[in-house]
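Spelled out, the chains give:
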Amino acid sequence: MRELDPSLRDRFARELGSVPAPSPRRPEPTTASPRVSSVPAVALALVVLVGAVLVGSAIRGLRATPTSVGSGGEATASAESWRVFTQAPPIEGVPVTVLFERRGLPAQTQELSFQATCTSCLGDPSSSVSGKAPLGAASACVPALASSGADTQCFVANLTFPRAGSWHIGPPVDGEIVVGTKVTPVGFALPSGCSYVREAGTPSGIRYLWQVDCGSDADRGVQMMRTALTTQGWMTCTSSVDTSTWVKERVALTVARLTRSPLLELAQSPRETVQCSP
Amino acid sequence: MSQSAWLAACERSYPQVYRALLGLGARPDEAADAVQDAFEHALVQRAVVANPAGWLFVVAKRRWQRRRLRERIFFPLSSSTASDGNLPSLNRIALVEELRRLPSRQREIVVCRYLLELTQAETAAALGIATGTVAAATAQATRRLKQRLEAAK
């Protein structure tokens, strides 16, 4: 039988073997609950469901009344809809452009008050940020969106997240809010000839990942990315056969080739990178 | 194997299986949930299993993969990533980074061999593949990992 590589085995033991692990928990034995007839249970579920629908309708009706949005003026909320976009993942201490897109309103509001709330920072008092977003030019709207049109207003703000995590961003008083996401890497724009296969970044749990299509030749794609990164002020941090990590100001971006695919993968940590070394 | 010996073996393997899931790409919270689920399944397992570590790993891996699938279906465009205090330190481990870039089959075999310390035959039995496949994949993955780790130095 072939032996394992000793150096790799040592490295596994040293690096992964030292990661603290939880202990198994044996669930407490439970006493059997009294059997409940299924007919009353179904009836109860139906009552709860109908009640929830009625309450939901009432809340929607309340929201549809005219509401004041921001400091600018009146908004007819019944025909409005919102989308909120962040142009980059929330990185600690790095300003991120937040775009509020509103449809179906007369152009009266000049400034929008908003609040960002961290939904993964339980018990953290610094987990909420308020701000004001002035009305942006029409060109501030995301042109790729089919919804962007003459009745669309866009408010733009730079927001600095105190910490990474899951954030809900929206005006504190609003109509229907649809939180959409257009996440692109911080500080980097794709070169012409390359495009995101998936426009929105997919959180991997550790890093944001994007797949990029620069044509059928991966070598050429890597070269295009390298040129674009250098042009945009990124510095090489580490480089190997398939992966290179680049640093600009306080954030890092990793470019990797995908196995058996001409696509490239971009990865960016939602946390601020202070220095180049891993 | 008696029931008590089986559970004791599962308890011994618990930390290794947790780390093996991290090696596969699970987040710490996902790995902890999956291995605990698998352990609770082991508590009611009646059939005799020769290889508790392999069994626990395969059950935990399936739980984790099912959860991942559910998350992809229901939260495809979540607005931002979940934050976990343990992640940055894990993310800094070059070995973990490189391990996660291996094809999934090679990754599974590598964590079985190097982390769970299963033999080729035990790995093959746990994953339901041929022993020759385990040997070949281990050799390929070892070579690739060493090359990448050397290059990353």
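Everything discussed here concerns the structure shown above.
The text that follows walks through the structure, step by step, so that each part is easy to find. A quick note: this is a predicted structure, and the numbers were derived from the prediction, not measured.

Turning to the overall build of chain A, a few remarks are in order. When you go through chain A residue by residue, the secondary structure sums to three helices and 16 strands. Long-range pairs, those at least 24 residues apart, make up 60% of the contacts in chain A with a sequence separation of at least 6. For chain A, the accessible area works out to roughly 15100 Å², and carbon and sulfur atoms hold 57% of it.

Our next topic: the overall build of chain B. For chain B, the count of helices and strands is eight helices and zero strands. Each helix and strand of chain B, ordered N terminal to C terminal, gives the series α-α-α-α-α-α-α-α. Looking at the 153 residues of chain B, the share that counts as buried comes to 54%. Pairs at least 24 apart in sequence give 69% of the contacts found in chain B among residues at least 6 apart. Accessible surface, chain B: about 6700 Å² in total, of which carbon and sulfur atoms supply 52%.

So, on to the environment of His 41 of chain B. All names here are of chain B. Residue position: His 41 is located in helix H2 (residues 28–43). Sequence spacing of His 41 and Leu 56 is 15 residues, and the spatial spacing of their C-alpha atoms is 8.9 Å. Excluding anything up to four places from it in sequence, His 41 contacts Trp 55, Val 59 and Arg 63.

All names here are of chain B. Tallied over the entire structure, the rule returns twelve salt bridges over all chains. Across the pair Arg 67 and Asp 29 runs a salt bridge, and its minimum N-O distance is 3.5 Å. With a gap of 38 residues between them, Arg 67 in helix H3 (residues 52–74) and Asp 29 in helix H2 connect regions that are remote in the sequence. Residue class for Arg 67 comes out buried when judged on its relative accessible area of 18%. Its salt-bridge partner being Arg 67, residue Asp 33 comes within 2.7 Å of it at the nearest N-O pair.

Residues and elements named next belong to chain B. Per the stated rule, a full pass over the model turns up three aromatic pairs over all chains. On the basis of an interplanar angle of 70 degrees and a centroid distance of 5.1 Å, the ring pair of Trp 6 and Trp 55 is categorised as edge-to-face. In this pair, Trp 6 is assigned in helix H1 (residues 3–24) and Trp 55 in helix H3, connecting sequence segments 49 residues apart. Of the residues examined, Trp 6 reaches a relative accessible area of 4% and is grouped as buried. Overall, Trp 55 belongs to the buried group, its relative accessible area being 15%. Between Tyr 14 and Phe 39, the aromatic rings sit 5.7 Å apart at their centres with planes inclined by 85 degrees, giving edge-to-face as the arrangement. On the criterion of sequence distance, the pair formed by Tyr 14 in helix H1 and Phe 39 in helix H2 is long-range, its members being 25 residues apart. The exposure classification of Tyr 14 matches that of Phe 39, with both residues buried.

So, about helix H3 (residues 218–231) of chain A. Helical geometry: 3.6 residues make up each α-helical turn, so side chains three or four residues apart lie on a common side. Residues and elements named next belong to chain A. When the terminal C-alpha atoms of H3 are compared, their 20 Å separation across 14 residues agrees well with the 20 Å that a helix rising 1.5 Å per residue should span. Within the span of H3, buried status applies to Ala 218, Gly 221, Val 222, Met 224, Met 225, Ala 228 and Leu 229. Each buried residue of H3 lies within a common arc of 160 degrees when the element is viewed along its axis, so the set occupies one face. Away from its buried face by more than 90 degrees, H3 exposes Arg 220 and Thr 231. Taken together, the buried residues of H3 touch strand E14 (243–248), strand E15 (251–257) and strand E16 (264–268). The backbone nitrogen of Asp 219 lies 3.1 Å from a side-chain oxygen of the residue at the head of H3, namely Asp 217. Downstream of H3 by a residue or two, Gly 233 has a phi angle that is positive, lying close to 90 degrees.

This part takes up the side chain of Asp 5 of chain A. You can see Asp 5 of chain A is positioned in the segment before helix H1 (6–16). In terms of polar contacts, Asp 5 of chain A uses its side chain to reach the backbone amide nitrogen of Leu 8 of chain A, at 2.9 Å. Polar side-chain contacts of Asp 5 of chain A include one of 2.9 Å to the side chain of Lys 146 of chain B. Asp 5 of chain A has contacts with Tyr 114, Thr 142 and Lys 146 of chain B, leaving out every residue within four places of it along the chain.

Moving on, we come to the state of the cysteines. Residues and elements named next belong to chain A. Evaluation of the coordinates by the stated rule reveals one disulfide over all chains. Note on cysteine connectivity: Cys 194 is disulfide-linked to Cys 214, with sulfurs 2.0 Å apart. Every disulfide takes its handedness from the sign of the S-S torsion; for Cys 194 and Cys 214 that torsion is 115 degrees, giving right-handed. Of the two residues, Cys 194 is situated in the loop between strand E9 (176–179) and strand E10 (195–196) and Cys 214 in the loop between strand E12 (208–213) and H3; the sequence distance between them amounts to 20 residues.

Bringing unusual backbone geometry into the picture now. Phi at Glu 117 of chain B takes a positive value of approximately 55 degrees, unusual for a residue other than glycine. The class of Glu 117 of chain B is exposed, set by a relative accessible area of 57%.

This part takes up the nonpolar core. Formed by 52 residues in total, the largest nonpolar core has its most connected members in Phe 12 of chain A together with Leu 21, Leu 56, Phe 57, Leu 99 and Val 110 of chain B. Elements that contribute at least two residues to this core include exactly H1 of chain A together with H1, H2, H3, helix H5 (94–99), helix H6 (104–115), helix H7 (120–127) and helix H8 (131–152) of chain B. Counting residues per element, this core draws most heavily on H1 of chain B, at ten residues. Here Phe 57 of chain B is in contact with Val 17, Ala 20, Leu 21, Leu 24, Glu 108, Val 111, Cys 112, Leu 116 and Leu 127 of chain B, once residues within four sequence places are set aside. Listed in part, the 21 residues of the second largest apolar core include Tyr 196, Val 222, Ala 228 and Val 251 of chain A.

Reading the values: rules and limits
- Residues numbered from 1 in each chain as written.
- Chains lettered and ligands numbered in written order.
- Predicted model: local features only at pLDDT ≥ 70, side-chain atom pairs only at ≥ 80, totals over all residues.
- Heavy atoms only, no water.
- Helix = DSSP H or I, 4+ residues; strand = E, 2+ residues; numbered from the N terminus.
- Contact = heavy atoms within 4.5 Å.
- Areas by Shrake-Rupley, 256 points an atom, 1.4 Å probe, with all protein chains shown as cover.
- Buried < 20%, exposed > 50% of the residue type's maximum accessible area, 1.4 Å probe, protein only.
- Salt bridge = Lys/Arg side-chain N within 4 Å of Asp/Glu carboxyl O.
- Phe/Tyr/Trp six-rings, centres within 6.5 Å; stacked < 30°, edge-to-face > 60°.
- Expected span 1.5 Å × (residues − 1).
- Arc of directions from axis to C-beta.
- Polar contact = N/O pair within 3.5 Å; in protein donor to acceptor, adjacent residues only side chain to side chain.
- Disulfide = S-S within 2.5 Å.
- Core = buried A, V, L, I, M, F, W, Y, C linked by side-chain atoms within 4.5 Å.

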